[in-house]
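Working through the structure, step by step
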Amino acid sequence: MNSFSAVEIIVAKRDGNALSKEQIAWMIDQYTKGTIADEQMSALAMAILLNGMSRQETSDLTQAMVASGEKLNFASLGRPTSDKHSTGGVGDKITLILTPLIACFGIAVPQLSGRGLGHTGGTLDKLESISGWNAHLSNSQMLQQLKSVGAVISAAGSGLTPADSKLYSLRDVTGTVESIPLIASSIMSKKIAEGTKSLVLDVKTGTGAFMKSVERSRELAQTLVAIGTDAGVATRALITDMNTPLGRQIGNALEVQEAIEVLSGGGPNDVIEITIALANEMLAAAGLPVQDVADALSNGRALAKFEQLIQAQGGDLAKPLPSANESQTIYASSSGVLTELDALSVGIASWRLGAGRERKEDQVDHAAGITLHAQVGEQVTKGQALMTLHASSEDKFARAIEALDGSFKLSASAQTFERQVVLEKVQ
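Here goes a summary of the coordinates provided. (Residues numbered from 1 in each chain as written. Predicted model: local features only at pLDDT ≥ 70, side-chain atom pairs only at ≥ 80, totals over all residues. Heavy atoms only, no water.)

1. Details of the sheet that holds strand β5 (residues 234–241)
- Read across the sheet, four strands follow the order β1-β4-β5-β13 without closing on themselves; strand pairing throughout is mixed. Of all the strands in the sheet, the pair left with one neighbour each is β1 (82–86) and β13 (422–426). When the angles between neighbouring strand axes are averaged without regard to direction, this sheet yields 20°.
- With five bridges joining them, β1 and strand β4 (residues 198–205) adopt parallel strand pairing. (Pairing = 2+ DSSP bridges. Helix = DSSP H or I, 4+ residues; strand = E, 2+ residues; numbered from the N terminus. Axes fitted to C-alpha atoms, helices over the stretch in contact; angles between N-to-C directions.)

2. A few points about the sheet that holds strand β9 (residues 369–372)
- What the four strands build is an open sheet, ordered β6-β9-β11-β7; its pairing is antiparallel. What marks the edges here is a single partner per strand, and that holds for β6 (249–250) and β7 (326–331).
- Examined bridge by bridge, β9 and strand β11 (residues 385–391) share four bridges and lie antiparallel to one another. Bridging from a neighbouring strand, Leu-372 pairs with Met-387 of β11.
- Here helix α15 (residues 343–355) sits on the sheet and contacts β6, β9 and β11; the angle it forms with β9, its principal contact strand, is near 135°. (Contact = heavy atoms within 4.5 Å.)

3. Remarks on the packing of helix α5 (residues 94–103) against helix α11 (residues 252–263)
- Running from N to C, α5 and α11 cross one another at 35°; their axes reach a closest spacing of 8 Å. Two packed elements cross with a definite hand, and for α5 against α11 that hand is right-handed. Between α5 and α11, the contacting residues are Leu-96, Ile-97 and Pro-100 on the first element and Glu-255, Val-256, Ala-259, Val-262 and Leu-263 on the second.
- Grouping the amino acids of the contact of α5 with α11 by side-chain chemistry returns seven nonpolar, no polar and one charged. (Left-handed = near helix turned anticlockwise from the far one by under 90°. Nonpolar A, V, L, I, M, F, W, Y, C, P; charged D, E, K, R; others polar.)

Given below as structure tokens:
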């Protein structure tokens, strides 16, 4: 590999110049090895935040991070592979439903997932509510489960994209989290290293999402799709609403419970709508014809596949999910149509109840969270239960209720209010 000067590369990006593939590859390689110091990579990250990156630079950055570690290969499965990634939100339990649903159609789903941080939940935390379920599988165990079950939900091994792990931690403490090239290369490096041949992205937008505006969400979606396309992965994205929590349950065990409800043919309409929309995109990206995914949800096929997946990873669905020791209900002080239910406020309240973590090393309370008794667009009468808070102890409620102050609006004049869940498609 060519030898460059870290300072010269930083200065080039500081001055708004494009970096070559070789410069980017060298910088990432040397940073991963520890030759380049954190303060130098911090300076480059800030220069990228301020000046951006071209499509070519962002693809080159992604590939450099892929090259920093091992890459999985599922060619031996002899069937199409597809994966889905969500940019995170409140009440987003779609992966739990979508993974077994897609596996019903002969597609292998190697779903590498993460943990929650702050107000956004993590798939692994949710599934660890199930007694005995194991998030940590070796590459050979993953391959074996994909052969036998057709789907796996697992933590990414430390061997995948170690450069991203280092850079991710650095971005958090240097004010460079918002950079779209850095966000996109972080997401896509893991997905490309994972070895999937097709990928569908659920890019959330709104108060409870990482991207607050549709414009920024669209820019991120377009960048993600471009990186995937350049890497030979059939990639498409949906932009979906996260101004309002998804579904009626927020919190780890509560969301598993709701996912099972949807897999059993019931559940909230917004969760079903997004699941079906993403499922159709995953089938199309994998090159399969249109299928009746709604029927697979309602007839028990997807539920049976979910049970198989959980059992294969040591989980025991016969044992009850954790339930909270304490609960407190909030009631409507007036009548009207619920026209607003702020996802960020609800997410922060759930976090304060114990459902989330402030630092990666914190533990979560699997039983904590919030049950919504009313959703946006529904008529509410005075004195009706709006939401119930669940926690391990009563002292958690005060700060959670404080976060919920002003989080919902009731309109006496509104006759109807329809929420649009899927906003745009990018491919």
